[in-house]
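# Observations on chain architecture
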Amino acid sequence: MKGQIYFDHAATTAVKPEVIAKMLPYFAVDYANPSSVYSISRTARHAVEESRETIAQCIGADKDEIYFTSGGTEADNWAIRGSAYANKNKGNHIITTEFEHHAVLHTCKQLEKEGFEVTYIKPDSEGIIHTSDIEKAITDKTILITIMFANNEIGTIQPIYEIGKLAKEKGILFHTDAVQAVGAVPINVKEMNIDMLSMSAHKFYGPKGIGALYVRKGVRPQVFMQGGAQEKNRRAGTENVPGIVGFAAALFDACMHTEENALKLGQMRDYLITEVMNKIPYVKLNGHISKRLPNNANFSFEFIEGEALLLSLDLEGIAASSGSACTSGSLDPSHVLLSIGLPHEIAHGSLRITLGDDNTYYQIDYLVEKLITIVDRLRKMSPLYHEN
Ligand SMILES: *Cc1c(COP(=O)(O)O)cnc(C)c1O
């Protein structure tokens, strides 16, 4: 990433050097399979169990409620499909939202093909889901509510405590994709009545390809990775020991510093928002002004193509996003921006800036300076702009 200014921390983050150092011994020294019986496998087994404990503590769970997966996508798939299959005798109705990550949306779409019914709740224009809308959607066939903790494009934080309370009162399972929230905001699965929660290490300075599903004691999503006794017979496959160790080290660091990081990033984000809104005309901030992740800013610039903006920023050494990485390269505007009611042409001109540990105020000033000239240049080329 030499010479690049990185503003895409919602897509992934660099692994911290301290985290890499903790992972290294488990590649070639303490490399034994944790499931083996001989003494050298004990070190690996111990590292896995210690990591599980650390991760559990960070979200207020018990150690035996954490199941390692290959990442957030697998955790989402398992929670949703596993709960649907395990409860199909009770009902076939699932409630989710229009603006979930595709790991959730595509899984729900597939379940619809298999005979399940899914209600997709619409967020309000500021990107918040109303608990009353969920309550109205509940039927006697509802078996699962799956609602993301924080949105990956517009950063909005959902009323998880209220939703958990409602789900508990109605006796319905509640899963949350908390991939963007874990490590960034305080989470307590017990207080929030969360039955299942997905997380992924590479979103908080840990390695890629490792995540976990928290599953509350007594909840039993159907097993869907067969082939071994790992993770108490519920998720087969040899444990990714270095990944697990890196996951725990990164999360521990994030957990210990949640408040100070949120304060620091939030101030930097607010500075960015103020600068952009004051210095560039015809711009809108997407999402809620305060109920949002401390590191997220998402703007729509009228009369501009987001892809053109991204390419111009890239030429200046700035890495940002126009929405989810999955939709870049396609001409469809982001499903998240459409869900909050943006017209297609405004959604097309969007830019997501997600800040991280490595960003500075100097970099933000540089970004704003470049944005002013790029936006102006692109608008001058737009026939729509001259009409105004
Ligand atoms: C990144 C992300 C995922 C996918 O996690 P992976 O570990 O990359 O599979 C799922 N949900 C949200 C909200 C995300 O931001």
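Presented here is a report on the structure given in the accompanying data block. (Residues numbered from 1 in each chain as written. Predicted model: local features only at pLDDT ≥ 70, side-chain atom pairs only at ≥ 80, totals over all residues. Heavy atoms only, no water.)

### So, the overall build of the chain
Along its length, the chain carries 15 helices and 12 strands. The C-alpha radius of gyration of the chain comes to 22 Å, within 12% of the 21 Å expected for a compact globule of 388 residues. By principal-axis analysis of the C-alpha atoms, the chain measures approximately 70 × 55 × 35 Å. In the chain, buried positions account for 57% of the 388 residues. Within the chain, counting contacts between residues at least 6 apart in sequence, those at least 24 apart form 73% of the total. Looking at the chain as shown, the accessible area adds up to about 17000 Å², and 54% of this sits on carbon and sulfur atoms. For the chain, the distance from the average position of its 38 positive side-chain charges to the average position of its 47 negative side-chain charges is 5 Å. (Helix = DSSP H or I, 4+ residues; strand = E, 2+ residues; numbered from the N terminus. Rg over C-alpha atoms; globule rule 2.2 N^0.38 Å. Buried < 20%, exposed > 50% of the residue type's maximum accessible area, 1.4 Å probe, protein only. Contact = heavy atoms within 4.5 Å. Areas by Shrake-Rupley, 256 points an atom, 1.4 Å probe, with all protein chains shown as cover. Lys, Arg positive; Asp, Glu negative; His and termini not counted. Charge placed at Lys NZ, Arg CZ, Asp CG, Glu CD.)

### A short note on the packing of aromatic side chains
Taken as a whole and assessed by the stated rule, the structure comprises nine aromatic pairs. For the ring pair Tyr67 and Trp78, a centre distance of 5.8 Å and an interplane angle of 85 degrees mean the geometry is edge-to-face. One end of the pair, Tyr67, is in strand β2 (residues 66-69); the other, Trp78, is in helix α4 (residues 72-86), and 11 residues separate them in sequence. A residue is classified by how much of its surface remains accessible, and Trp78, at 1% relative accessible area, is buried. Taking the centre distance of 6.3 Å and the plane angle of 50 degrees together, the rings of Tyr85 and Phe116 count as tilted. Taken together, the positions of Tyr85 in helix α4 and Phe116 in the loop between α5 (102-113) and β4 (117-121) put the pair 31 residues apart, joining distant regions of the chain. A relative accessible area of 8% places Phe116 in the buried class. (Phe/Tyr/Trp six-rings, centres within 6.5 Å; stacked < 30°, edge-to-face > 60°.)

### A look at the packing of helix α10 (residues 258-279) against helix α14 (residues 361-380)
Where α10 contacts α14, the axes come no closer than 10 Å and their chain directions differ by 20 degrees. Accordingly, the angle class assigned to the pair α10 and α14 is roughly parallel. Along this stretch, α10 crosses α14, giving a crossing that reads as right-handed. Packed against α10, whose contacting residues are Lys264, Gln267, Met268, Tyr271, Leu272, Glu275, Val276 and Lys279, the element α14 presents Tyr361, Ile364, Asp365, Leu367, Val368, Leu371 and Ile372 at the interface. The class makeup of the residues in the contact of α10 with α14 is 10 nonpolar, one polar and four charged. (Axes fitted to C-alpha atoms, helices over the stretch in contact; angles between N-to-C directions. Parallel < 35°, antiparallel > 145°, perpendicular 65-115°, else oblique. Left-handed = near helix turned anticlockwise from the far one by under 90°. Nonpolar A, V, L, I, M, F, W, Y, C, P; charged D, E, K, R; others polar.)

### As for the nonpolar core
Grouped together as the largest cluster of nonpolar side chains are 63 residues, with contacts concentrated most on Ile66, Ile145, Phe149, Ile187, Leu197 and Phe247. At eight residues, the largest contribution of residues to this core is made by helix α9 (residues 241-256). Leave out the neighbours within four places in its chain, and Ile66 touches Arg52, Ile55, Ala56, Ile59, Ala61, Met199, Ala212, Leu213, Tyr214 and Glu231. (Core = buried A, V, L, I, M, F, W, Y, C linked by side-chain atoms within 4.5 Å.)

### What about the site of the ligand?
Taken together, 13 residues are adjacent to the ligand, and Thr73, Asp177, Gln180, Ser200 and Lys203 come closest. For the ligand, an oxygen atom lies 2.6 Å from a polar atom in the side chain of Thr73. One nitrogen or oxygen atom from the side chain of Lys203 is found 2.7 Å from an oxygen atom belonging to the ligand. Protein contacts shield 87% of the accessible area of the ligand, which totals 380 Å² for the unbound molecule. The dominant element in the shell around the ligand, judged by the number of residues it contributes, is α4, at three residues. Among the residues making up the shell around the ligand, the classes are represented as two nonpolar, eight polar and three charged. (Near = heavy atom within 4 Å. Polar contact = N/O pair within 3.5 Å; in protein donor to acceptor, adjacent residues only side chain to side chain.)

### Brief notes about the sheet that holds strand β9 (residues 283-285)
Here we have three strands laid out as an open sheet, ordered β9-β10-β12, and antiparallel in their pairing. Since the sheet does not close on itself, it has two edges, and those belong to β9 and β12 (350-354), each with one partner. Across the sheet, the mean angle separating the axes of adjacent strands is 25 degrees when strand polarity is ignored. Both strand β10 (residues 296-301) and β12 contribute to a ladder of five bridges, which runs antiparallel. Bridge assignment links Ala297 to a residue of β12, and that residue is Ile353. (Pairing = 2+ DSSP bridges.)

### A word on the packing of helix α3 (residues 41-58) against α9
How two helices sit against one another is set out by the angle between their axes and by the gap between those axes. At a minimum axis separation of 9 Å, α3 and α9 run at an interaxial angle of 30 degrees. As summarised for this structure, α3 and α9 are arranged roughly parallel, according to the angle between their axes. Judged by the twist between their axes, the crossing of α3 over α9 is left-handed. The segment α3 lies against α9, with Ala44, Ala47, Val48, Ser51, Thr54, Ile55 and Cys58 engaging Val241, Ile244, Val245, Phe247, Ala248, Leu251, Phe252 and Cys255. Residues of the contact of α3 with α9, tallied by class, amount to 13 nonpolar, two polar and no charged.

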